[in-house]
Amino acid sequence: VQLQASGGGLVQAGDSMRLSCAASGGNLNPYAMAWFRQVSGKEREFVGTVTWSGGTTFYADFAKDRSYISKDNAKNMMFLEMANLKPEDTAVYYCAAGQMRFGIKWYQGEGYDYWGQGTQVTVSS
């Protein structure tokens, strides 16, 4: 599975953003597709995920009230919309894919084997 994230840039605090992730490389139905983010010098942080086949979503606590993950199966695209952006949302955002294996908490950010290159989002105050 190959992934490519796009849509980052410089935004103002309070604005919204929409990131895209293009996926290719085979049958995605066994996969959950997720967004993570990473601030330089800090650990990568799970944002949320969507099951490719069913569209079920799970979000990290910080994201669930202002984020929405969607997908377009026909175009093999996944999206992250986040509202009311804050300077602390500044990070490199990555999309990832992982098979929903038994015993793996993919819905909490575990088990993602395929990663895109990341897109920088900078939120200015």
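Residues numbered from 1 in each chain as written. Predicted model: local features only at pLDDT ≥ 70, side-chain atom pairs only at ≥ 80, totals over all residues. Heavy atoms only, no water.

Q: Teacher, can you tell me more about the overall build of the protein here?
A: Of the regular secondary structure elements, the protein holds zero helices and eleven strands. Starting at the N terminus and walking to the C terminus, you meet the elements of the protein as β-β-β-β-β-β-β-β-β-β-β. Its C-alpha radius of gyration of 14 Å places the protein within 12% of the 14 Å reference for a compact globule of 125 residues. Dimensions of the protein along its principal axes, counting C-alpha atoms only, are 40 × 30 × 25 Å. With 125 residues in all, the protein has 41% of them scored as buried. A separation of at least 24 residues holds for 56% of the contacts in the protein among residues at least 6 apart in sequence. Approximately 6400 Å² of the protein is accessible, and the part contributed by carbon and sulfur atoms is 45%. (Helix = DSSP H or I, 4+ residues; strand = E, 2+ residues; numbered from the N terminus. Rg over C-alpha atoms; globule rule 2.2 N^0.38 Å. Buried < 20%, exposed > 50% of the residue type's maximum accessible area, 1.4 Å probe, protein only. Contact = heavy atoms within 4.5 Å. Areas by Shrake-Rupley, 256 points an atom, 1.4 Å probe, with all protein chains shown as cover.)

Q: Explain the state of the cysteines to me, please; I cannot follow it from the model alone.
A: Taken as a whole and assessed by the stated rule, the structure comprises one disulfide. Put simply, Cys21 and Cys95 are joined by a disulfide, and their sulfur atoms are 2.2 Å apart. Sign of the S-S torsion, about 70° for the bond between Cys21 and Cys95, identifies this disulfide as right-handed. In this pair, Cys21 sits in strand β3 (residues 17-24) while Cys95 sits in strand β9 (residues 91-99), placing the two residues 74 residues apart along the sequence. On the accessibility criterion, Cys21 (1% relative accessible area) is buried. (Disulfide = S-S within 2.5 Å.)

Q: Please clarify how the nonpolar core should be interpreted in this entry.
A: The nonpolar side chains of a soluble globular protein tend to be buried, and buried together. Among the nonpolar cores identified, the biggest contains 27 residues, and Leu3, Met17, Met33, Trp35, Met78, Leu80 and Tyr93 are the most heavily contacted of them. The set of elements that each furnish at least two residues to this core consists of β1 (2-6), β3, β4 (31-38), β5 (45-51), β8 (77-82), β9 and β11 (119-124). (Core = buried A, V, L, I, M, F, W, Y, C linked by side-chain atoms within 4.5 Å.)

Q: Got a minute to help me understand the pattern of salt bridges in this structure?
A: Pairing between side chains becomes possible if they bear opposite charge and their charged atoms approach one another. A complete count under the given rule lists five salt bridges for this structure. A salt bridge links Glu45 to Arg37, with the shortest nitrogen-to-oxygen separation between them at 2.8 Å. Residue Glu45 is classed as partly exposed on the basis of its relative accessible area of 33%. For Asp61, the salt bridge goes to Lys64, with nearest N and O atoms at 3.5 Å. By sharing partners, the salt bridges in this structure join Arg37, Glu45, Arg66 and Asp89 into a single network. (Salt bridge = Lys/Arg side-chain N within 4 Å of Asp/Glu carboxyl O.)

Q: What am I meant to see in the side chain of Thr49 here?
A: With respect to the secondary-structure elements, Thr49 resides in strand β5. A residue is classified by how much of its surface remains accessible, and Thr49, at 0% relative accessible area, is buried. Here the side chain of Thr49 touches Tyr112 through a polar contact of 2.9 Å, side chain to side chain. Once residues lying within four places of it in the same chain are set aside, the contact partners of Thr49 are Ala32, Met33, Ala34, Thr56, Thr57, Phe58, Ile69, Trp106, Tyr107 and Tyr112. (Polar contact = N/O pair within 3.5 Å; in protein donor to acceptor, adjacent residues only side chain to side chain.)

Q: What am I meant to see in the sheet that holds β1 here?
A: Pairing between the strands of a sheet comes from backbone hydrogen bonds, and it takes one of two forms, parallel or antiparallel. Strand order across the open sheet formed by four strands is β1-β3-β8-β7, with antiparallel pairing between neighbours. With one partner strand each, in any of the chains shown, β1 and β7 (67-72) form the two edges of the open sheet. Between one strand axis and the next, the sheet turns by 20° as a mean value, whatever way the strands run. Relative to β8, β7 runs antiparallel, the two sharing six bridges. Within the sheet, the bridge partner assigned to Asp72 lies in β8 and is Met77. (Pairing = 2+ DSSP bridges. Axes fitted to C-alpha atoms, helices over the stretch in contact; angles between N-to-C directions.)

Spatial relationships are all this shows, so hold off on functional conclusions.
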